[in-house]
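Residue strings, one per chain:
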Amino acid sequence: MQNANVSISGDISYEKPIVPLDFIFEETSANTGEVIDYIGTDRNIVIPSSYSIAIVDGEEVFIEGDDYTVTAIADGTNSSTGVFFGDNLTSVVFPDTIEKIGDYAFYGNNTLGSFNLDELDNLIEIGNYAFNACSALQSTLSLPSSLEIIGARAFYNCRSLRGDLTIPAGVTTIEAQTFYYCSNLSSVTIGENVQSIGGYAFFYCTDIEDISYNAVSVEDLTRQSNVFYCAGVENSGITVVFGEGVTRVPAYLFYGASNSSPPAITSVTFSSTITEIGNCSFYNSVDLVEIIFNCIELNDFTENSAFYHAGYYTNGVTVIFNEGVTRIPALMFETNYLGGTGRVHLSSVIFATTITEIGVGAFCGVGYLTGELVLPTNLESIGDGAFNYCGYNSVT
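Summarised in this report is the structure supplied together with it.

The rules we used
Residues numbered from 1 in each chain as written. Predicted model: local features only at pLDDT ≥ 70, side-chain atom pairs only at ≥ 80, totals over all residues. Heavy atoms only, no water. Helix = DSSP H or I, 4+ residues; strand = E, 2+ residues; numbered from the N terminus. Rg over C-alpha atoms; globule rule 2.2 N^0.38 Å. Buried < 20%, exposed > 50% of the residue type's maximum accessible area, 1.4 Å probe, protein only. Contact = heavy atoms within 4.5 Å. Areas by Shrake-Rupley, 256 points an atom, 1.4 Å probe, with all protein chains shown as cover. Lys, Arg positive; Asp, Glu negative; His and termini not counted. Charge placed at Lys NZ, Arg CZ, Asp CG, Glu CD. Phe/Tyr/Trp six-rings, centres within 6.5 Å; stacked < 30°, edge-to-face > 60°. Pairing = 2+ DSSP bridges. Core = buried A, V, L, I, M, F, W, Y, C linked by side-chain atoms within 4.5 Å. Patch = residues over 30% accessible without salt bridge, like charges linked within 9 Å, V, L, I, M, F, W, Y side chains within 5 Å. Salt bridge = Lys/Arg side-chain N within 4 Å of Asp/Glu carboxyl O. Polar contact = N/O pair within 3.5 Å; in protein donor to acceptor, adjacent residues only side chain to side chain.

1. Examining the overall build of the chain
Okay, so step 1: Counting its regular elements, the chain contains 0 helices and 28 strands.
Okay, so step 2: In terms of overall dimensions, the chain is more spread out than a globule: its C-alpha atoms have a radius of gyration of 27 Å, far above the 21 Å expected for 396 residues.
Okay, so step 3: With respect to the principal axes defined by its C-alpha atoms, the chain has extents near 100 × 30 × 25 Å.
Okay, so step 4: Here the chain holds 396 residues, and the buried ones make up 53% of them.
Okay, so step 5: Within the chain, residue pairs in contact and separated by at least 24 positions form 61% of the contacts whose partners lie at least 6 positions apart.
Okay, so step 6: Summing over all exposed atoms, the chain offers an accessible surface of approximately 16200 Å²; the carbon and sulfur share of this is 43%.
Okay, so step 7: The average position of the 10 basic charges and that of the 46 acidic charges among the side chains of the chain differ by 9 Å.

Here it is as structure tokens:
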């Protein structure tokens with residue numbers, strides 16, 4: 001604290017004690033500013049919601065005041081130019097005025113243990129690499145409903161973050177590697193407005209137990225996307241539920257590149273509104289034990305790889321078609337009718353009484369089906385080769 005000839009925000013000069021803040025700001029509009037640097041030594045920081053500017057001996061000094069509202073943490077251009085890079089923080093409290101946390105803002109703060117994102121009702125954007133490698137963060141990752149943008153690698157290697165992650169309704173894109181190696185997350189809920197998911201977005205999220213998927217229609221992924229690579233491998237398996245309103249499952253959504261890397265999905269429930277299940281969407285889902293279908297108007301399959309090797313590491317998959325389902329599409333589990341490979345390991349099939357049609361090659365070549373096959377009582381047609389090479393001893 002010092003006495004000096006001070007002019008505050010344009011007022012007349014007078015002598016008064018001043019206390020400089022530990023932050024450097026830059027004006028972004030007439031009444032708002034962003035944090036561009038931290039010059040303090042305290043490792044537990046509270047970012048102010050506003051500030052004023054004092055002129056001390058001709059120099060600007062940032063002090064407590066309400067002339068400018070703090071709405072952002074500025075962007076960095078690379079890992080070493082983030083606002084808090086190298087500050088070795090242990091906690092940060094953001095003001096509820098924050099709308100943006102910029103690129104690289106807390107990059108590499110591997111001692112940062114807590115933050116209060118869930119309290120930021122005005123937060124719109126978390127920038128690229130914003131919390132990259134903040135591996136000590138032990139807060140519950142609860143994102144505010146106001147959020148619209150989550151940058152690439154925003155939470156990369158935040159392996160101590162925990163809890164139930166919900167992607168807010170305003171988010172349309174989950175960028176590449178956004179939650180890469182967030183290994184302590186227990187569940188993921190994907191919002192209905194998500195339209196694209198980047199590669200390795202949930203790579204090695206090994207403790208996930210539940211995925212609630214509500215995105216109405218997401219762009220197809222590719223063999224290289226590996227969105228859920230090794231997800232759930234350190235617990236008893238993942239339950240996937242597709243919400244009502246979802247119309248299609250994108251290609252390669254839960255693709256596993258090999259038997260050792262797929263997400264450990266044990267149960268899948270498809271909602272009644274789904275009309276398309278994309279190619280390779282559950283490729284190498286070797287831990288599957290249960291598939292539940294509620295799909296009313298599911299389109300025929302054009303390729304035979306959606307459930308490639310499903311149930312390979314289990315005693316087979318039980319498939320349940322719930323009441324209301326009227327047809328089983330062509331080539332649904334086919335692995336032989338078209339000369340396909342990667343046998344689907346089904347152990348039993350439970351048909352709804354409402355089923356009237358079973359499509360061409362629907363179960364052709366599936367493994368482990370033995371004993372007696374009991375068909376639904378209202379069945380009107382069975383497509384060519386629907387149960388070829390299945391192992392059933394008799395059909396009723």
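Picking up after the structure, the text goes on.
2. Things to note about the packing of aromatic side chains
Okay, so step 1: Tallying each qualifying case throughout the model produces 47 aromatic pairs.
Okay, so step 2: Both rings, one in Phe282 and one in Phe307, keep their centres 5.7 Å apart while their planes meet at 10°; by these two values the pair is stacked. Here Phe282, found in the loop between β20 (276-277) and β21 (290-293), pairs with Phe307, found in the loop between β21 and β22 (317-321); they are 25 residues apart in sequence, far enough to count as distant. There is no split in this pair, since Phe282 and Phe307 are both buried.
Okay, so step 3: Relative to Phe387, the ring of Phe363 has its centre 5.1 Å away and its plane inclined at 5°; by these criteria the two rings are stacked.

3. Examining the sheet that holds strand β25 (residues 357-358)
Okay, so step 1: If you trace the 3 strands from one edge of the open sheet to the other, you get β23-β25-β27, paired in parallel fashion. Looking at the sheet topology across the chains shown, the edges are occupied by β23 (327-328) and β27 (381-382).
Okay, so step 2: The sheet contact formed by β23 and β25 spans 2 bridges and is parallel. Bridge pairing in β25 places Arg327 opposite Glu357.

4. Considerations on the nonpolar core
Okay, so step 1: Core analysis: the biggest nonpolar cluster contains 117 residues, and Phe131, Phe155 and Phe363 have the highest contact counts within it.
Okay, so step 2: With near-sequence residues (within four places) excluded, Phe155 lies in contact with Phe115, Leu117, Ile126, Phe131, Leu141, Leu143, Ile150, Leu161, Thr178, Phe179, Tyr180 and Cys182.
Okay, so step 3: Ile18, Ala54, Val56 and Val61 belong to the second largest nonpolar core, which has 5 residues in total.

5. Observations concerning a negative patch on the surface
Okay, so step 1: The grouping of Glu27, Asp57, Glu59 and Glu60 at the surface amounts to a negative patch.
Okay, so step 2: With respect to the helices and strands, Asp57 occurs in the loop between β6 (50-56) and β7 (59-73).
Okay, so step 3: With relative accessibility at 65%, the residue Asp57 sits in the exposed group.

6. Section: the pairing of strand β16 (residues 210-213)
Okay, so step 1: Of the two faces of β16, the one lined by Ile211 and Tyr213 is fully buried and the one lined by Asp210 and Ser212 carries no buried residue.
Okay, so step 2: In the sheet, strand β14 (residues 185-190) pairs with β16 via 4 bridges, with the strands oriented parallel. Note on β16: the bridge partner recorded for Thr189 is Ser212.
Okay, so step 3: Here β16 runs beside strand β17 (residues 238-242); their pairing, made up of 4 bridges, is parallel. Its bridge partner being in β17, Asp210 is matched across the sheet by Thr239.

7. Observations concerning the side chain of Ser139
Okay, so step 1: Summarising the element assignment, Ser139 is placed in the loop between β10 (125-126) and β11 (149-150).
Okay, so step 2: Residue Ser139 is classed as buried on the basis of its relative accessible area, which comes to 11%.
Okay, so step 3: Of the polar contacts made by the side chain of Ser139, one reaches the backbone nitrogen of Phe115; its length is 3.2 Å.
Okay, so step 4: With residues up to four places along the chain from it excluded, the contact list for Ser139 reads Gly113, Ser114, Phe115, Leu161 and Arg162.

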